[in-house]
Amino acid sequence: MDVDTRLLRCFVAVAEEVTLTRAAERLFVSQPELTKQIRQLESRIGARLFTRSRTGMALTQPGRALAERAPALLADWDRALREARSADSRAARLLRVGFMASAADEATPRIVAEFTRRRPGWRVDMRQAAWSDPGAGLTGGDVEAALLRLPFPGQEDLRTAVLFTEPRWVALPGGRPLAARRVIPFRDLWDEPFAAAPPESGRWRDHRLAAGERGGHPVRVGAVADRPDDWLGAIANGYGVALAPASAARFYARPGVAYRPVTGVGPSRVGVAWDPADDGDPVVQDFVRCCLAVPRPEGTT
C-alpha cells in the first residue's frame, strides 16, 4: 500500500500540535481540508488514528504506533529529495531562491549581481511565491534560500538573518477621507476593513494585519488576496485598506491606491532564510553573505 507523503505530514502536524486549528495554520490549509486528509489516511491504513477529546485530538493506539515512525520517515524523504534537487541545481550551476512580493525589492538586483560576481558562471533563479506560502518554497525544499518578510510560519526550524527593517505605511483607496491626511495613527484604522492574506498563512497574516497591536480590538477582513495584483485591486475598489512596508509606495504604485505613513505600529523586517542542512554549503552561504553585504535600501535600518 502506497501512502502520499502529504497525508503523513497532515497526520504528524495534528499529532504534534494536538488541535486541528494549530495544525491547519502550520500546514497552510483549511481545517475542513485537513480533516479530509486525516480521514483519507485512516481509510488507506484501515484504522482510526485520532479520537476527539476536550483538549484536542488524541492519538489512538494505531495512531501512537504511526506517530513513532512517521517523523523519521518524512525527515529521510525530505533529505533525499533536497539532496537530489540540490545535485540537479549544482550540475546546472543554478541557485534557486524563493521570494515574497515586496521582500528585498530594490536590494534584490544588487544581491544577485554580487552573487554572480563571486560565483562566475552561476545563475540565480528567483521564484516568486504566493502569500499562502510565506516560506516561499523553502519549507518544502523547492528552493535553497529565500528572501522573506519576517516572521513567517516554520521560521523556528530554519536559519534566518535580518537584512533590514523599514516602517509600515497603509495602502488605502485614494478617494477616501483618510487619504487626505499626511500621517495616520494606527488606532484610526482599527475599524476599517482590511485586505488580508489567506487564513492559511497563519502568523504571517496576523503580523501583516498587526493583529497583536490592536489592544484586543478585532480585525475586520474586507477582502482576501494571495497575490499583489489582487491585493491592489481589492484596495482600489474600496474593499479594504492594508498595512504595507514603506517601499510598497514605490514598487506597487497604482491609480486609485494611496500610501500614507502610519504611527503606532511596529516595522516590517526583511530577512534571508535557509535550511540548517545547508550551513556547510558554500554556494548557499555565499548567497547569504551577499545578502548581508549589500547596502540597505534608502529609508531602512
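Report follows, based on the coordinates. Here the structure is a predicted model, which is why all the values come from computation and not from measurement.

## Topic: the side chain of Gln37
In this fold, Gln37 is placed in helix α3 (residues 31-45). With relative accessibility at 5%, the residue Gln37 sits in the buried group. Engagement of the side chain of Gln37 in a polar contact is seen with the side chain of Glu33, the distance being 2.5 Å. Residues in contact with Gln37, not counting those within four places in the same chain, are Arg6, Leu7 and Cys10.

## With respect to the layout of surface pockets
The space that makes up the largest pocket amounts to roughly 1500 Å³. Elements represented by at least two residues in the lining of the largest pocket include exactly α1 (5-17), α2 (20-27), α3 and α4 (61-91). It is α4 that provides the largest number of residues to the lining of the largest pocket, a total of 11 residues.

## Things to note about the sheet that holds strand β8 (residues 184-185)
Strand pairing in a sheet relies on backbone hydrogen bonds. The paired strands run either parallel or antiparallel. If you walk across this open sheet you meet the 4 strands as β8-β12-β7-β11, and the pairing is mixed. Two strands lie at the open edges of the sheet, namely β8 and β11 (242-245), each paired on one side alone. Note: strand β7 (residues 168-173) against strand β12 (residues 257-263), 5 bridges, orientation antiparallel. Residue pairing for β12: Leu172 is matched across the bridge by Ala258. Of the strands in this sheet, β7, β11 and β12 touch helix α7 (residues 228-236), which is tilted by about 90° from β12.

## Looking at the packing of aromatic side chains
Scanning the entire structure with this criterion turns up 5 aromatic pairs. Taking the centre distance of 6.0 Å and the plane angle of 70° together, the rings of Phe115 and Phe287 count as edge-to-face. Of this pair, Phe115 sits in helix α5 (residues 107-118) while Phe287 sits in helix α9 (residues 282-293); the two residues are 172 residues apart in sequence, bridging distant segments of the chain. Across the pair, exposure class does not vary: Phe115 and Phe287 are buried alike. Relative to Trp231, the ring of Trp131 lies with its centre 5.9 Å away and its plane at 85°, an arrangement referred to as edge-to-face. Here Trp131, found in the loop between β4 (123-129) and β5 (145-150), pairs with Trp231, found in helix α7; they are 100 residues apart in sequence, far enough to count as distant. Clustering of aromatic rings is evident, with ring pairs tying together Trp131, Trp204 and Trp231. If you follow Arg208 out to its NZ or CZ, it ends over the ring of Trp131, 4.5 Å from the centre. Note that Arg214 overlies the ring of Phe194, its terminal NZ or CZ placed 4.6 Å from the centroid.

## A few points about empty space enclosed by the protein
If you walk through the whole model with that rule in mind, you get 3 cavities of 30 Å³ or more. For the largest cavity, the calculated volume is near 100 Å³. Forming the walls of the largest cavity are Arg149, Leu150, Pro151, Arg168, Trp204, His207, Arg208, Leu243, Ala244, Pro245 and Ser268. Sorting the residues of the lining of the largest cavity by element identifies β5, α6 (203-208) and β11 as the ones contributing at least two each. Across the lining of the largest cavity, the residue classes tally to 6 nonpolar, 2 polar and 3 charged. Of the volumes computed, that of the second largest cavity is approximately 70 Å³. Lining the second largest cavity, in full, are Ala101, Ser102, Trp131, Arg208, Pro228, Trp231, Ala244, Pro245, Ala248 and Tyr252. Those elements that place two or more of their residues in the lining of the second largest cavity are α7 and β11.

## As for the pairing of β7
In terms of burial, β7 is a largely internal element, 5 of the 6 residues being buried. Note: β7 against β11, 4 bridges, orientation antiparallel. Bridging from a neighbouring strand, Trp169 pairs with Ala244 of β11.

## What about the side chain of Asp275?
Turning to its location among the elements, Asp275 is positioned in the loop between β13 (268-274) and α9. By relative accessible area, which is 18% here, Asp275 ends up buried. From its side chain, Asp275 meets the backbone nitrogen of Ala277 in a polar contact 2.8 Å long. Setting aside its immediate chain neighbours within four residues, Asp275 contacts Arg82, Leu138, Glu144 and Leu158.

## Description of the pairing of strand β2 (residues 56-59)
Pairing of strand β1 (residues 50-53) with β2, which is carried by 4 bridges, proceeds in the antiparallel orientation. Along β2, the bridge assignment pairs Ser53 with Gly56. From the end of β1 to the start of β2, which pair antiparallel, there are 2 residues.

## Observations regarding the packing of α2 against α3
Helix-helix packing is described using two parameters, namely the angle between the two axes and the distance between the axes. Relative orientation of the contacting elements α2 and α3 amounts to 95°, with a least axis distance of 9 Å. Relative to α3, the element α2 lies roughly perpendicular. For the pair α2 and α3, contact is made by Leu20, Thr21, Ala23, Ala24 and Leu27 and by Gln31, Leu34 and Thr35, respectively. A per-class count over the contact of α2 with α3 returns 5 nonpolar, 3 polar and no charged.

Quick notes on the rules
Residues numbered from 1 in each chain as written. Predicted model: local features only at pLDDT ≥ 70, side-chain atom pairs only at ≥ 80, totals over all residues. Heavy atoms only, no water. Helix = DSSP H or I, 4+ residues; strand = E, 2+ residues; numbered from the N terminus. Buried < 20%, exposed > 50% of the residue type's maximum accessible area, 1.4 Å probe, protein only. Polar contact = N/O pair within 3.5 Å; in protein donor to acceptor, adjacent residues only side chain to side chain. Contact = heavy atoms within 4.5 Å. 1 Å grid on protein atoms, 1.4 Å probe; cavity = no way out; pocket = protein on both sides within 12 Å on 5 of 7 lines; lining within 4 Å. Points joined across faces, edges and corners; volume = space filled by probe spheres on them. Pairing = 2+ DSSP bridges. Axes fitted to C-alpha atoms, helices over the stretch in contact; angles between N-to-C directions. Phe/Tyr/Trp six-rings, centres within 6.5 Å; stacked < 30°, edge-to-face > 60°. Lys NZ or Arg CZ within 6 Å of the ring centre and 35° of its normal. Nonpolar A, V, L, I, M, F, W, Y, C, P; charged D, E, K, R; others polar. Parallel < 35°, antiparallel > 145°, perpendicular 65-115°, else oblique.

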